[in-house]
Amino acid sequence: MAEVLLYHHVQGLTDGVRAFADDLRRDGHTVHTPDLFDGRTFGSLDEGMGFVREAGFDALRERGVAAAEGLGPELVYAGLSFGVTAAQKLAQTRPGARGALLMHACIPVTEYGTPWPGGVPVQIHGKEGDEFFAEDLPAARDLAASASAAELFLYPGDQHLFTDASLDDFDADAYRLLLERVRTFLASV
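Rules used throughout
- Residues numbered from 1 in each chain as written.
- Predicted model: local features only at pLDDT ≥ 70, side-chain atom pairs only at ≥ 80, totals over all residues.
- Heavy atoms only, no water.
- Phe/Tyr/Trp six-rings, centres within 6.5 Å; stacked < 30°, edge-to-face > 60°.
- Helix = DSSP H or I, 4+ residues; strand = E, 2+ residues; numbered from the N terminus.
- Buried < 20%, exposed > 50% of the residue type's maximum accessible area, 1.4 Å probe, protein only.
- Lys NZ or Arg CZ within 6 Å of the ring centre and 35° of its normal.

### Describing the packing of aromatic side chains
Okay, step 1: Enumeration over the complete set of coordinates arrives at eight aromatic pairs.
Okay, step 2: Ring centres of Phe37 and Phe51 lie 4.9 Å apart, and the angle between their planes is 65°; this geometry places the pair in the edge-to-face category. Of this pair, Phe37 sits in the loop between strand 2 (30–32) and helix 2 (45–55) while Phe51 sits in helix 2; the two residues are 14 residues apart in sequence, bridging distant segments of the chain. Residues Phe37 and Phe51 agree in their burial class; the two are buried.
Okay, step 3: Geometrically, the ring pair formed by Phe170 and Tyr175 is tilted, given 5.7 Å between the ring centres and 50° between the ring planes.
Okay, step 4: The partly exposed category is assigned to Phe170, whose relative accessible area is 28%.
Okay, step 5: In textbook terms, an aromatic cluster arises when at least three aromatic residues are bridged by ring pairs, as seen for Phe37, Phe42, Phe51, Phe57 and Phe82.
Okay, step 6: A cation sits over an aromatic face here: Lys127 above Phe162, 5.2 Å from the ring centre.

See below:
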């Protein structure tokens, strides 16, 4: 079984993020869900982004990176949208990563100054018509093409946080398919 460090999206550690973690735990995986916002959740992406701008994007990402310090290095780093910033940084720069799950976002590999590490598999998931993921799609395609074990999955629709059952963007069909793919990934690392 895998040990997963799952970072929440910009609306916070919502009930939907917790439910996703619980789905993975039911499969026998250990899943850590650090709360980068100290219990705050937000009713919209705009409200969450306002908080991130006020608190400092880099400071919150580094809080996420620090959350890994008390854990062993052999983790699967997973991020949901904003959470991808910490997950991808750690997967690229922290030795021992077993894999990365990047959902709703992907950062250009050059952002963290190192190429994608050989032997670290990655899955990237996003919606075809999601205006936010559309900005990240070139980076996702580049990562998928350059990493030795990478998969890019695009789902029909335009919802951004389609994996969060507590939000209006939730897409049950896409979530089931994503969860099936994530389960296969975690079984292989």
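That was the structure; now back to the text.
### Things to note about unusual backbone geometry
Okay, step 1: Unlike most non-glycine residues, Asp38 shows phi in positive territory, near 55°.
Okay, step 2: Checked against the element boundaries, Asp38 lands in the loop between strand 2 and helix 2.
Okay, step 3: According to the relative accessible area criterion, Asp38 is exposed, its value standing at 56%.
Okay, step 4: Backbone geometry at Ser81 places phi at a positive 55°, although glycine is not the residue there.
Okay, step 5: Note on placement: Ser81 falls in the loop between strand 3 (76–80) and helix 4 (84–93).

Don't take any of this as a statement about function, it's just geometry.
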